[in-house]
Amino acid sequence: AVVSTQSGHYGRGIQILFEINMTTDKPQLMETKVPVVEVTSSNMKEVWPSLVHSIKYSSFISLDLELSGLGDRRHLMRKQYNSSSIQRNLQRSVDDRYTAIVDAAKTRSVLALGVSCWRVTQDEPEPQYYIQTYNILTLCRENFTVEPDALQFLVDHGFDFNKQYKDGIEYTPSTEDMIIFKEKKSTEPLRDVFAMILTAKCPVVTHNGLIDLAFLYQAFYAPLPANMSIFVADLQDMFKSGILDTKCLAEYLIREHATYLEYLFRKSVKRMEEAVSEGKQKVNLSFSEHKAIKTHVNHIECFAKKSASGKELCENYANHGYCKDGSKCPKSHDVNEAITSHDSHKSKKRKVEKQSDNRRNESVDSGCHRAGADAFMTGLGYYSYYFGLLRLLQNNCETFKRLNIQISWPL
């Protein structure tokens, strides 16, 4: 069997998430939906034991946030080229960008927190992965800035603001008057969730996660420091098992043609299909089913593949995951077509295009741009890179060693 179907001890039952379609000439991952537990103020007590269990026994946790805005993107992307000193120039650019991120995190709010918990066991001949993903609706108690463009984008991708304002779990963002939560018992569930993630003995995975980490720090940990070096030092102290970013891995180590989230997700699925087809890898990924919270599970489509559109490929969307014309663009925004196009030109010399640094401009036609689903997509990308390339890189790549990245999976 290509996919293990045996039940494990990580949950009361197992629902197969991936299967191999053997009816075609080339085995493929069957299209299916991603089960995501919707967590709200009305079901938090019921879901809490499952959430605690999932985080505690994770081998790695992938995170994603939905936000009410990011502020002036020109400041987030700011670069300085006037200085005669490149090093001083680079430092000014980084410091200016961090200042803009701090301002955004202090004036905008977290609308949803996606947590995807991946657990590996060695019970079978092949490692078995059990996945439990949560989409936690959040509601800031303080006044915050709302950006119309950000809200419109979320509405277009199925975000329910009525439900968020009715059932969002309230939190109070950090202020100078508050004591850091680790020095006192928290009275807010979201701070407790973040505390559990920090104390879990496993790496945390993000995609282009600097902004997400800053918002998490401000919302659930402490006021952001004014100095970026202090912030970085705090992150190293907080996430003791390390932080891994799939955009960083894809762009600087793997050298993917494009590095936006849906591109990496669909590229990962394609890589796994090819590995199974060639007999190089078994795909043992299962959804850990907790029967007590089954009624709170939504199934979100992430794997559907659209038939070829026959349209000319939109190069801007293919390379950056964003097109200013959106749905009005007459060209194709199909990510699978973009991957096929890039792969067919892989051996040819091409101009290196700069990747967009704003993940939140990406559009996912499948309707899965929600914090929980995006957290799962981030986790699958990491899983794919680990098995596909990172073992080799960790042993042989000087760049990998120089970055001092550690992977602590029980493999």
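Because the structure is predicted, anything quoted here is derived from the model rather than measured.

### Topic: the overall build of the protein
- Of regular secondary structure, the protein possesses 14 helices and twelve strands.
- Counting across all 411 residues of the protein, residues that qualify as buried make up 54%.
- When the accessible surface of the protein is split by element, carbon and sulfur atoms take 49% of a total near 19800 Å².

### Side note on the pattern of salt bridges
- For the coordinates displayed, the defined rule picks out nine salt bridges.
- Glu256 is paired through a salt bridge with Lys267; the nearest N and O atoms lie 2.9 Å apart. On the criterion of sequence distance, the pair formed by Glu256 in the loop between α9 (246-254) and α10 (261-277) and Lys267 in helix α10 is long-range, its members being eleven residues apart. For the residue pair Glu256 and Lys267, the accessibility class agrees, reading buried in each case.

### A closer look at the pairing of strand β4 (residues 33-39)
- Among the seven residues that make up β4, six are buried, leaving the element largely enclosed by the rest of the structure.
- Pairing of β4 with strand β7 (residues 128-140), which is carried by four bridges, proceeds in the parallel orientation. In the strand pairing of β7, Val36 is matched with Thr133.

### Description of unusual backbone geometry
- A positive phi angle is found at Asn208, which is not glycine, with a value near 50°.
- Asn208 sits in the buried class, given a relative accessible area of 16%.

### Here we look at the packing of aromatic side chains
- Taken as a whole and assessed by the stated rule, the structure comprises 14 aromatic pairs.
- On the numbers, 6.4 Å between centres and 50° between planes, the contact of Phe194 with Phe220 is tilted. With Phe194 in helix α6 (residues 189-199) and Phe220 in helix α7 (residues 210-220), this pair connects stretches of sequence that are 26 residues apart. Per residue, the accessibility class of Phe194 equals that of Phe220, and both read buried.

### Thoughts on the packing of helix α1 (residues 44-56) against α6
- The geometry of α1 relative to α6 is characterised by a closest axis approach of 10 Å and an angle of 15° between their N-to-C directions. As summarised for this structure, α1 and α6 are arranged roughly parallel, according to the angle between their axes. For α1 against α6, the interelement crossing comes out right-handed. Facing Met44, Trp48, Leu51, Val52 and Ile55 of α1, the residues of α6 in contact are Pro189, Asp192, Val193, Met196 and Ile197.
- The class makeup of the residues in the contact of α1 with α6 is nine nonpolar, no polar and one charged.

Definitions and limits used
- Just so you know, the residues in each chain are numbered from 1, in the order the chain's sequence is written.
- For this predicted model, a pLDDT threshold of at least 70 governs which residues receive local features, and a threshold of 80 or more governs which side-chain atom pairs are given and counted, while totals over whole chains, interfaces and linings are taken from all residues.
- Hydrogens and waters are ignored; side-chain quantities use all the structure's heavy atoms.
- Counting from the N terminus, the helices are the DSSP runs of H or I reaching at least four residues and the strands are the DSSP runs of E reaching at least two.
- Accessibility here uses a 1.4 Å probe with only protein chains present; expressed as a share of the type maximum, an area under 20% marks a residue as buried, one over 50% as exposed, and anything in between as partly exposed.
- Per-residue and other accessible areas follow the Shrake-Rupley method at a 1.4 Å probe size, with only the shown protein chains counted as cover for residues.
- Take a side-chain nitrogen of Lys or Arg and a carboxyl oxygen of Asp or Glu: if they are within 4 Å of each other, that pair is a salt bridge.
- A pair of strands counts as paired when DSSP detects no fewer than two bridges linking them.
- Only rings of Phe, Tyr and Trp enter the pairing, Trp through its six-membered ring, and a pair is recorded when the two centres are within 6.5 Å. The plane angle decides the type: under 30 degrees is stacked, over 60 is edge-to-face, the rest tilted.
- Axis definition: a line fitted to C-alpha atoms, limited for helices to the stretch in contact. Angles are taken between N-to-C directions and run from 0 to 180 degrees.
- Here roughly perpendicular refers to angles of 65 to 115 degrees, roughly parallel to angles under 35, roughly antiparallel to angles over 145, and oblique to all remaining angles.
- Here a crossing is called left-handed whenever its near helix is offset anticlockwise from the far helix by less than a right angle, and right-handed whenever the offset is clockwise.
- Residues are treated as being in contact if the distance between any of their heavy atoms lies within 4.5 Å.
- Each residue receives one of three labels: charged for Asp, Glu, Lys and Arg, nonpolar for Ala, Val, Leu, Ile, Met, Phe, Trp, Tyr, Cys and Pro, and polar for the others, Gly being one of them.

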